[in-house]
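Report on the structure
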Amino acid sequence: MAGNTAFQEARRFLLDQRRDYAAARAGFRWPRLDEFNWALDWFDEFARGNTSLALWALDERGREEKRSFAEIASRSDRMANFLRGRGVARGDRVLLMLANLPELWEVLLACIKLGVVVVPTTVLAGPAEIQDRVERGKVDHVVAGSEQARRFPSGLLPSGMRMAVGEAVAGWLDGAQAEQAPTDFQPDGPTRASDPLLLYFTSGTTAKPKLVLHTHESYPVGHLSTIYWLGLQPGDLHLNVSSPGWAKHAWSSFFAPWTAGAAVFVHQYERFTARGLLEVLSEKGITTLCAPPTVWRMLIQEDLERYPLRLREAVSAG
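Small disclaimer: the values here were computed from a predicted structure and weren't measured.

1. What to know about the overall build of the protein chain
When helices and strands are counted, the protein chain shows eleven helices and 13 strands. Here the protein chain has a C-alpha radius of gyration of 19 Å; the compact-globule value for 318 residues is 20 Å, and the two agree. If one aligns the C-alpha atoms of the protein chain with their principal axes, the spans along those axes are about 50 × 45 × 45 Å. Taking all 318 residues of the protein chain together, the buried fraction comes to 53%. Within the protein chain, residue pairs in contact and separated by at least 24 positions form 72% of the contacts whose partners lie at least 6 positions apart. When the accessible surface of the protein chain is split by element, carbon and sulfur atoms take 49% of a total near 14600 Å². A distance of 4 Å separates the average location of the 36 positive side-chain charges in the protein chain from that of its 37 negative side-chain charges.

2. Focus on the side chain of H267
Secondary-structure assignment places H267 in strand β11 (residues 263-267). When its relative accessible area of 16% is taken as the criterion, H267 is described as buried. Not counting residues within four places of it along the chain, the set of residues in contact with H267 comprises L58, N100, L239, G276 and V280.

3. Topic: the packing of aromatic side chains
All told, the structure shown has 19 aromatic pairs when counted by the stated rule. Taking NZ or CZ as reference, R18 lies 5.1 Å from the ring centre of Y228, over its face. Above the plane of the ring of F201 lies R133, whose end atom (NZ or CZ) is 4.7 Å from the centre.

4. A closer look at the sheet that holds strand β10 (residues 237-240)
Across the sheet, six strands lie side by side as β2-β1-β11-β10-β12-β13; this open sheet has mixed pairing. The sheet is open, and its two edges are formed by β2 (64-68) and β13 (313-316), each paired on a single side. For this sheet the average axis-to-axis angle between neighbouring strands, irrespective of direction, equals 15 degrees. Across the sheet, helix α4 (residues 69-85) touches β1 (53-58) and β2, and the angle it forms with β2 is around 85 degrees.

5. Points about the pattern of salt bridges
All chains considered together, the criterion is met by 20 salt bridges. A salt bridge links E313 to R18; the nearest nitrogen and oxygen atoms lie 3.5 Å apart. Residue E313 is found in strand β13, and its partner R18 is found in the loop between α1 (2-16) and α2 (21-27); the two are separated by 295 residues along the sequence. E313 gets classed as buried once you look at its relative accessible area, which sits at 9%. The network of salt bridges with common partners includes R18, R19, D236, R312 and E313.

6. What to know about the pairing of β2
Relative to β2, β1 runs antiparallel, the two sharing five bridges. Bridge pairing links A57 to E65 in β2. In textbook terms, the turn of a hairpin is the stretch between consecutive antiparallel strands, and for β1 and β2 this stretch comprises five residues, one of which, G62, has a positive phi near 85 degrees.

7. Some remarks on unusual backbone geometry
A positive phi angle is found at K138, which is not glycine, with a value near 50 degrees. Tracing the backbone shows K138 in the loop between α6 (127-136) and β5 (141-145).

8. Here we look at the nonpolar core
One finds W38, F43, L83 and W258 to be the most contacted residues of the largest nonpolar core, which totals 69 residues. Setting aside its immediate chain neighbours within four residues, W258 contacts W38, W42, F43, A54, L55, F69, I72, W105, L109 and V264.

9. Some thoughts on the environment of C290
Following the sequence through the fold, C290 ends up in strand β12 (residues 288-291). Judged by its relative accessible area of 1%, C290 falls in the buried class. Remark: the alpha-carbon pair of C290 and D140, spanning 150 residues in sequence, is separated by 34 Å. If we ignore the near neighbours within four places in the chain, the residues touching C290 are W229, L230, H238, L239, N240, V241, K248, S252, V315 and A317.

What counts as what
Residues numbered from 1 in each chain as written. Predicted model: local features only at pLDDT ≥ 70, side-chain atom pairs only at ≥ 80, totals over all residues. Heavy atoms only, no water. Helix = DSSP H or I, 4+ residues; strand = E, 2+ residues; numbered from the N terminus. Rg over C-alpha atoms; globule rule 2.2 N^0.38 Å. Buried < 20%, exposed > 50% of the residue type's maximum accessible area, 1.4 Å probe, protein only. Contact = heavy atoms within 4.5 Å. Areas by Shrake-Rupley, 256 points an atom, 1.4 Å probe, with all protein chains shown as cover. Lys, Arg positive; Asp, Glu negative; His and termini not counted. Charge placed at Lys NZ, Arg CZ, Asp CG, Glu CD. Phe/Tyr/Trp six-rings, centres within 6.5 Å; stacked < 30°, edge-to-face > 60°. Lys NZ or Arg CZ within 6 Å of the ring centre and 35° of its normal. Pairing = 2+ DSSP bridges. Axes fitted to C-alpha atoms, helices over the stretch in contact; angles between N-to-C directions. Salt bridge = Lys/Arg side-chain N within 4 Å of Asp/Glu carboxyl O. Core = buried A, V, L, I, M, F, W, Y, C linked by side-chain atoms within 4.5 Å.

The values are spatial; any link to function lies outside them.
Shown next as structure tokens:
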């Protein structure tokens, strides 16, 4: 647990020095880690008995789901046991193709606990992009939303476990079955900080996307800096305008807020509108927001006086 202690000390230092950038810059030291698993060593410890809000999902129909840190820790344990029971093992590669559903956070946590390598993929990927990720990413298993699962031609499917989240899909495991798995999860061994965790494909704006491998240290620990940059504090309600499958989603919708002890607000929508976002920001009491410049340009064209906001931090990225 020495690594976890160093991680917690670095986290606390950045939270304490939020208003003193010079002191933060002068005094911060990256924690030196040998063994470290963010989901087990940080999240589960923080979530133990913690009934405070961790995830709040809202869809276009107004349906809401709220889950506490303790609930998500328990559900991710079930998911980890379920995946392990279906042959997912440490070092395997799992293509993760889910929209902004609560299950996305639970599956990612479960994968971290298992020590597998996750290949995040946008739900907009077509057959050619999926095939490229499966082949070059050497994918063993797939977790996808039901809609996305139906897009996988049979010839693209790896031979390992295939799980669909949502409606049942022929030939795929039903993700809802994970709720029946045991809650007591025990890791099969230690996770080294240098072990691979995430395999991202770059945007490929000028050439074919490149693979970038991240470890259990480079993202979970590296984005301590993102906590400071976003201005996150424990108890915040954070909204990040980013789509799953892209690296920014992991930074600002997963590692940074939960390391800070903030809740993640998930706004599910088919088509983005500035008015829709402003209504959510106002009605749900969002305290921190990160969005790309294109979104900010759309927001400032609206009548902002109509929307009483509680934003303490507003950040642009992209």
